[in-house]
Amino acid sequence: AQRMRRQRAEIREQLKSGKITLQDVLNQADDDVVGRMRVSYLLQSLPQIGKVTSRRIMEEIGIHENRRVRGLGKRQVEALLKKLG
């Protein structure tokens, strides 16, 4: 569990610094570390996006607040990428 949290933290840091993109992370949805991450937690890792903005984006797209990355449908992933580039 500790290792998973550390790996998730590294992914979040890389997203914040721009070393990887949202698309890179979403493409790894079948990986356990990424797949078990909550979508809201992932969105909040992006620059300029906090709790309120991530909640609003998820509501617009129709993603439940407890949804994990692995549980996203194809249309939801496409909508997220369209919205956030």
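A brief report on the enclosed structure follows. Treat the numbers as computed from the prediction; the structure is a model and nothing was measured.

How each quantity is defined
Residues numbered from 1 in each chain as written. Predicted model: local features only at pLDDT ≥ 70, side-chain atom pairs only at ≥ 80, totals over all residues. Heavy atoms only, no water. Helix = DSSP H or I, 4+ residues; strand = E, 2+ residues; numbered from the N terminus. Buried < 20%, exposed > 50% of the residue type's maximum accessible area, 1.4 Å probe, protein only. Contact = heavy atoms within 4.5 Å. Polar contact = N/O pair within 3.5 Å; in protein donor to acceptor, adjacent residues only side chain to side chain. Arc of directions from axis to C-beta. Salt bridge = Lys/Arg side-chain N within 4 Å of Asp/Glu carboxyl O.

Details of the environment of S45
Part 1 of the argument: By the element assignment, S45 lies in the loop between α4 (39-43) and α5 (51-61).
Part 2 of the argument: Judged by its relative accessible area of 0%, S45 is buried.
Part 3 of the argument: Counting along the chain gives 39 residues from S45 to L84, while the straight-line C-alpha distance between them is 12 Å.
Part 4 of the argument: Once residues lying within four places of it in the same chain are set aside, the contact partners of S45 are R12, L15 and K16.
Part 5 of the argument: Polar contacts involving the side chain of S45 include one to the main-chain carbonyl oxygen of Y41, which spans 3.0 Å.

Observations regarding helix α6 (residues 74-84)
Part 1 of the argument: Those residues of α6 that fall on the buried side of the exposure criterion are Q76, L80 and L81. Seen along its axis, α6 keeps its buried residues to an arc of 135°; they face one direction. In α6, the exposed residues that point more than 90 degrees away from the buried face are K74, R75 and K82.
Part 2 of the argument: For α6, the secondary structure elements touched by its buried residues are α2 (22-26), α4 and α5.
Part 3 of the argument: Backbone geometry just after α6 places G85 at a positive phi near 70°.

Description of the side chain of S54
Part 1 of the argument: Within the element layout of this structure, S54 appears in helix α5.
Part 2 of the argument: Sequence-distant contacts of S54, defined by excluding residues within four places in its chain, comprise S40, L43, Q44 and I49.

What to know about the pattern of salt bridges
Part 1 of the argument: Applying the stated criterion across every chain yields a total of three salt bridges.
Part 2 of the argument: A salt bridge links R70 to D32; the shortest N-O distance between them is 2.8 Å. Here R70, found in the loop between α5 and α6, pairs with D32, found in helix α3 (residues 32-35); they are 38 residues apart in sequence, far enough to count as distant.
Part 3 of the argument: Between E60 and K83 there is a salt bridge, with its nearest N and O atoms 3.0 Å apart. Within this pair, whereas E60 is found in helix α5, its partner K83 is found in helix α6, the two being separated by 23 residues in sequence.
Part 4 of the argument: Relative accessible area serves as the criterion here: at 44%, K83 is assigned to the partly exposed category.
Part 5 of the argument: Connected via shared salt-bridge partners are D32, R36 and R70.

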